[in-house]
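Listed here are the chains, written in short residue letters.
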Amino acid sequence: MKRRTFIGTSAAATVGVLAYQTTNAQETKQDMGFKLKNNINHSVCHWCFADIPLEDFLIKLNELNIKAIDLMGPKEWPLLKKYNIHSAMCNGAEISLTEGFNDTKYHGTLIDNYTKMIPLVAAAGYTNLICFSGNRRGMDDETGLQNCATALKKLMPLAEKHGVVIQMELFNQRNHPDYMGDTSAWGIELCKQIGSENFKLLFDIYHMQIQEGDIIQSIKDNHTYFGHYHTAGVPGRHEINETQELYYPAIMKAIVDTGYKGYVAQEFIPASEDKIEALKQGFLICDV
């Protein structure tokens, strides 16, 4: 090799190495700035960041070392496995938020859907599968509760066999008018009626703050019935920072103190331009 060629090649290589080292140093610095304690198992709901394609979102979660995502069904599971992201709360067996287990006319479809989905969830290596009470439509809460219990009890032997936990999400009336499962007390009574560790409540902190408040005490008193948590800021369902009324570090500490080992999923709709920075802040706020 001619000396001039060698010098040019060496110089280029040196510049390349320096650029690589500089880039790595920057990346390392960013990673060090986002270091999680992982006392909380973090997850996130992609629908809040729907303008970011799912695959791009999963890549970003890998960069942040976030290992789980919520509300994913069988169609998305192969992509999750590609990026080694866990499906912390599966969906796909429900009819809709408003057509649920409280109405007997949906029982045939729902029992069929969940009977098919439960083994799929287990075979994919997942645990949690969401369900909904449905709307009242003039039905009293006691009748709706008994209807839910009747249908869900039929699914419990299969759920127990496969180690799948069916979880009913609680909503508030402002965002979901007429939804029956709108208080922790109603949901807890349903858990007691079903009497299985494979049925739990998805305790959405945002919804329950609007509907009933007293979040920390509710978690302390009733955590054995809560199998999963969602977050968002009140009011507005935006960032969980100082712009809203809930103090999430104290809420997360209360969750950790119960011995909870499941997932807490960010489900806020970012109002700021940099949605990923808002998400990172949310994880850090909850990382007590």
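In this text, all values refer to a predicted model and were calculated from it rather than measured experimentally. Each chain has its residues counted from 1, running along the sequence as written. For a predicted model such as this one, the threshold for reporting local features is a pLDDT of at least 70, and the threshold for listing and counting side-chain atom pairs is 80 or more; totals across whole chains, interfaces and linings nevertheless cover every residue. To get the side-chain values, all heavy atoms of the structure are used, and hydrogens and water are removed first.

Caption draft 1: Seen up close, the overall build of the protein. Strands here mean DSSP runs of E at least two residues long; helices mean DSSP runs of H or I at least four residues long; both are numbered from the N terminus. When its secondary structure is counted, the protein shows 10 helices and eight strands. For this analysis, residues touch if any pair of their heavy atoms sits within 4.5 Å. Taking as baseline every contact in the protein between residues at least 6 positions apart, the subset at least 24 positions apart corresponds to 74%. Carbon and sulfur atoms make up 53% of the accessible area of the protein, which amounts to about 13600 Å² in all. Accessible surface is estimated by sampling points in the Shrake-Rupley manner with a 1.4 Å probe; for residues, cover comes only from the protein chains shown.

Caption draft 2: Fine view of the packing of helix 8 (residues 215-222) against helix 9 (residues 248-257). Every axis corresponds to a line fitted to the C-alpha atoms, with the helix fit spanning only the stretch in contact, and the corresponding angles, defined between N-to-C directions, vary from 0 to 180 degrees. Contact pair helix 8 / helix 9: the axes reach a minimum separation of 9 Å and the direction vectors enclose 5 degrees. Taken together, the axis directions place helix 8 and helix 9 in an arrangement best described as roughly parallel. Together, Ile215, Ile216 and Ile219 of helix 8 and Ala250, Ile251, Ala254 and Ile255 of helix 9 make up the contact between the two elements. A per-class count over the contact of helix 8 with helix 9 returns seven nonpolar, no polar and no charged. Relative orientations are named as follows: roughly parallel for angles under 35 degrees, roughly antiparallel for angles over 145 degrees, roughly perpendicular for angles from 65 to 115 degrees, and oblique for any other angle. When residues are grouped by polarity, Ala, Val, Leu, Ile, Met, Phe, Trp, Tyr, Cys and Pro land in nonpolar, Asp, Glu, Lys and Arg in charged, and all others, Gly among them, in polar.

Caption draft 3: Expanded view of the pairing of strand 7 (residues 226-231). For the exposure calls, accessible area comes from a 1.4 Å probe over protein chains only, and a residue counts as buried if that area is under 20% of its type's maximum, exposed if over 50%, partly exposed in between. Strand 7 sits mainly inside the fold: six of its six residues count as buried. Two strands pair if DSSP finds at least two bridges between them. Sheet topology places strand 6 (residues 199-204) next to strand 7; four bridges connect them, and they run parallel. By the bridge assignment, Asp204 is partnered in strand 7 with His230. In this sheet, strand 8 (residues 263-266) lies alongside strand 7 in parallel orientation, the contact comprising three bridges. By the bridge assignment for strand 8, Tyr229 is matched with Val264. Here a crossover is taken to be right-handed if, once the strands point away from the viewer, the path from the first strand over the helix to the second is traced clockwise. Between the parallel pair strand 7 and strand 8, the chain is carried across by helix 9, and the sense of this crossover is right-handed.

Caption draft 4: The nonpolar core, seen in detail. We define the nonpolar core as a collection of buried residues of types Ala, Val, Leu, Ile, Met, Phe, Trp, Tyr and Cys that are connected through side-chain atoms lying within 4.5 Å of one another. In terms of nonpolar packing, the biggest core is built from 88 residues, with Ile69, Tyr114, Leu152, Met168, Leu190, Phe199 and Ile205 touching the most fellow members. In terms of residue count, the dominant contributor to this core is helix 5 (residues 141-162) (eight residues). Residues within four places of Leu190 in sequence aside, it is in contact with Leu145, Cys148, Ala149, Leu152, Met168 and Phe199.

Caption draft 5: Spatial organisation of unusual backbone geometry. Looking along the chain, the bond that leaves Val234 and enters Pro235 is cis, with omega of 0 degrees. Of note, Pro235 is situated in the loop between strand 7 and helix 9. Despite not being glycine, Asn84 shows a phi value in the positive range, around 55 degrees. Following the sequence through the fold, Asn84 ends up in the loop between helix 3 (77-82) and strand 3 (86-90). For Asp178, which is not glycine, the phi torsion reads 80 degrees and is therefore positive.

Caption draft 6: Seen up close, the packing of aromatic side chains. Only the six-membered ring of Trp is used, alongside the rings of Phe and Tyr, when aromatic pairs are assigned; centres must lie within 6.5 Å, and planes under 30 degrees apart are stacked while those over 60 apart are edge-to-face, with the rest tilted. Throughout the structure, instances matching the rule amount to 11 aromatic pairs. Geometrically, the ring pair formed by Phe132 and Phe171 is stacked, given 5.8 Å between the ring centres and 20 degrees between the ring planes. Here Phe132 is found in the loop between strand 4 (128-131) and helix 5, whereas its partner Phe171 is found in the loop between strand 5 (165-169) and helix 6 (184-194), with 39 residues between them in sequence. Taking 4.6 Å as the distance between ring centres and 50 degrees as the angle between the ring planes, the aromatic pair formed by Phe171 and Tyr179 counts as tilted. With respect to burial, Phe171 and Tyr179 carry one shared label: buried. Ring pairs connect the aromatic residues Phe203, Phe226, Tyr229 and Tyr260, which therefore count as one cluster.

Caption draft 7: How the structure looks around the pairing of strand 6. Among the six residues of strand 6, six are classified as buried, and the element is accordingly described as predominantly covered. Pairing of strand 5 with strand 6 involves four bridges; the strand directions are parallel. Paired with Glu169 across the bridge in strand 6 is Leu202. Of the crossover connections in this fold, the one passing from strand 5 over helix 6 to the parallel strand 6 is right-handed.

Caption draft 8: Representation of the pattern of salt bridges within the structure. Basic side-chain nitrogens of Lys or Arg form a salt bridge, by our definition, when they fall within 4 Å of a carboxyl oxygen of Asp or Glu. According to the stated counting rule, one finds 10 salt bridges in the structure shown. Taking the shortest distance from any N to any O, the salt bridge between Arg136 and Asp182 comes out at 3.1 Å. In this pair, Arg136 is assigned in the loop between strand 4 and helix 5 and Asp182 in the loop between strand 5 and helix 6, connecting sequence segments 46 residues apart. Note that Lys200 and Glu197 form a salt bridge whose closest N and O atoms lie 3.0 Å from each other. When its relative accessible area of 13% is taken as the criterion, Lys200 is described as buried. Among the charged side chains, a salt-bridge network with shared partners connects Arg136, Asp141 and Asp182.

Function cannot be read off these values alone, since they describe shape.
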